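Structural overview for review
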Amino acid sequence: MTAMTVSDDTPAIEVEGLTKVYKALTAVAGISFAIRRGSITGLLGGNGAGKTTTIGMILGLILPTGGIIRVLGHDMAAERHLVLHRINFESPYVALPNRLTVRQNLRVFARLYGVAAARRRIDELAVDLDLADFLDREVGKLSAGQKTRVALAKALINAPEVVLLDEPTASLDPDTGDWIRTRLTAYSRSRAATILLASHNMPEVERLCDDVIMMKAGKIVDRAAPQALIDKYGRTTLEDVFLDVARGTGIAGAMVDPP
Amino acid sequence: MNAPYVSPPPVYAAVSLARIAAMLLRYFYLLRSSWPRLAELIYWPLVQMLMWGFLQTYLNRHSGFLAAAGGSLIGAIMLWDVLIRGQLGLSVSFLEEMWSRNMANLLISPLRPGEFLAALMAMSLVRMFVGLVPVSLLAIWFFGFNLWGLGLGLVAFFANLLLTGWAVGVVVSGVILRNGLGAEGLAWTLMFLLLPLCAVFYPVATLPGFLQVFAWMLPPTYVFEGMRAIMFEHRFRGDLMAEALSINAVFIAAACFAFLRLVDSARRIGSLMAIGEYRPPATTGMVTKSSIETCA
């Protein structure tokens, strides 16, 4: 592995006063955070906490009601198209065309992202993500685990500096999930790439993330490294911390004004 | 992982032919992988051509007037097919992204909305020719009607009909993007609203006066009148084609504007994050491709 040098000190992702209101519902309530380059950050929270909406707004799929989003120093409201080829996204709720083979799908996305040596990049991903055996098989004929690997290959096709992941290992067996986590860590470390992932899987977040942002009802209720959160809440696992925050028990219940 | 491949510094391009070509490649792969999709392109134009061709043959035997205007019904149905194939070709390619839940992948890629629309229009052209060329050749063989015999006029007819088809297709795609697959029925039915108004099978003078006003606002009306001018009067009405082109320019501009506004609206209400989720067409009870694919 060759570590890349991070020369730019601006955060990979910077969010200020980000708000999303749907009629009477406030999905995200004026959150602010910055994510340093090369880090892996987990976005934790129960259903309806605002994680997916936050990721959707960073990607530009959802228009914020208020606030500012900067990715790699670019204002996403005005300069989104200047940065799209440097970021990518993966979610089990988004799919690749079933009738195309894995190689065809990757070829199309390589061209969309302007990857200069597409064949070489696809070959490299085939090795890294163990796709070689089914590279010429239709995506629709793959198992869930294989599809996730292919979706990850698509998310890494342009060697992105920022990767956003929405529950990347949802519905995968523990072995495949662990395999994916290993690859994600390797990718981030080898390229100093920034990863922001929304997840419900606490062991996953505990193992993968340098930093955790905890959300509840559209607000950030805490933020720290996984072990620091565990220590702060006096618990043994991040899952216990999550339950305290979600239910307002333990010291989470005593917090009047969350940080 | 291996030693990383380091891509060259990314270059931003406001409009990229490479990205349009990437989308065309995607649709080419899809057509190549699915013979039912290819067969579907030819099947319906063929059925229409045969049905109207036999009707024309019957009328020719009983009406000296229609015999003199030989082929007007087949000509009308084939040009109508250009119009509807223009719209469906665009809409179906768009729907392929919705059915496969691939839209979010495209919308977060560097693909610009204008490039996406350009690719959809180009695919519509390809799909139309795949269907029309063999059927028009069969029409010569079966009924002695040579669509290509319309000459240069045919180019003007095709251009105007395609532009109208694309304008409708672009708006329908925007509505589906905004409202989800529940609005898919529009892609299959909206164009038929134009059928009685565009004077496809009869002169526009047949319509009541107030409907004629609406008819002349629609570019296809000029095309079908132009076709009858060639067949009945043996002259090409360039003036009609120029008027149709002017209205089409307005239609296309308005459609692209509406599409962009609908995309913005979809981003505002958050519907792009839920794309591809199956919503049954409860209002119509129609069996659509999405419901079939969901069941499959």
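Now for a description of the structure that goes with this document.

What to know about helix H3 (residues 102-112) of chain A
Of all eleven residues in H3(A), ten are buried, a share of seventy percent or more. Listing the buried residues of H3(A) in full gives A:Val102, A:Gln104, A:Asn105, A:Leu106, A:Arg107, A:Val108, A:Phe109, A:Ala110, A:Arg111 and A:Leu112. Buried residues in H3(A) make contact with helix H4 (118-128) and helix H5 (144-156) of chain A together with helix H1 (17-33) of chain B. Looking at the residues trailing H3(A), positive phi occurs at A:Gly114, about 70 degrees.

Looking at the interface of chain B and chain A
Counting residues at the interface gives 36 residues for chain B and 47 residues for chain A. The set of elements that each furnish at least two residues to the side of chain B that touches chain A consists of H1, helix H5 (103-107) and helix H11 (238-269) of chain B. For the side of chain B that touches chain A, the leading source of residues is H1(B), giving nine residues.

Regarding the packing of helix H6 (residues 113-143) of chain B against helix H7 (residues 152-179) of chain B
Residues and elements named next belong to chain B. In contact at an axis separation of 11 Å, H6 and H7 are set at 130 degrees when each is read in the N-to-C sense. Judged by the angle between their axes, H6 and H7 are oblique. Crossing hand, H6 versus H7: right-handed. Touching Leu117, Met121, Ser124 and Leu125 of H6 are Leu162, Trp166, Gly169 and Val170, all from H7. Per-class residue counts for the contact of H6 with H7 are six nonpolar, two polar and no charged.

Quick look at the sheet that holds strand S4 (residues 66-71) of chain A
All names here are of chain A. Strands sit in the order S2-S1-S4-S5 across an open sheet of four strands; the sheet is antiparallel. Of all the strands in the sheet, just strand S2 (25-35) and strand S5 (74-75) have a single pairing partner and so form its edges. When strand S1 (residues 13-22) meets S2, the two strands line up antiparallel, connected through eight bridges. Note on S2: the bridge partner recorded for valine 21 is threonine 26. Strand contacts of helix H1 (residues 51-59): S1, S2 and S4, with the helix running at about 115 degrees to S1, the strand carrying the most contacts.

Basis of the calculations
Residues numbered from 1 in each chain as written. Chains lettered and ligands numbered in written order. Predicted model: local features only at pLDDT ≥ 70, side-chain atom pairs only at ≥ 80, totals over all residues. Buried ≥ 20, exposed ≤ 12 C-beta atoms within 10 Å, placed from the backbone. Helix = DSSP H or I, 4+ residues; strand = E, 2+ residues; numbered from the N terminus. Contact = placed C-beta atoms within 7 Å. Axes fitted to C-alpha atoms, helices over the stretch in contact; angles between N-to-C directions. Parallel < 35°, antiparallel > 145°, perpendicular 65-115°, else oblique. Left-handed = near helix turned anticlockwise from the far one by under 90°. Nonpolar A, V, L, I, M, F, W, Y, C, P; charged D, E, K, R; others polar. Pairing = 2+ DSSP bridges.

By themselves, these are just geometric observations and shouldn't be taken as functional.
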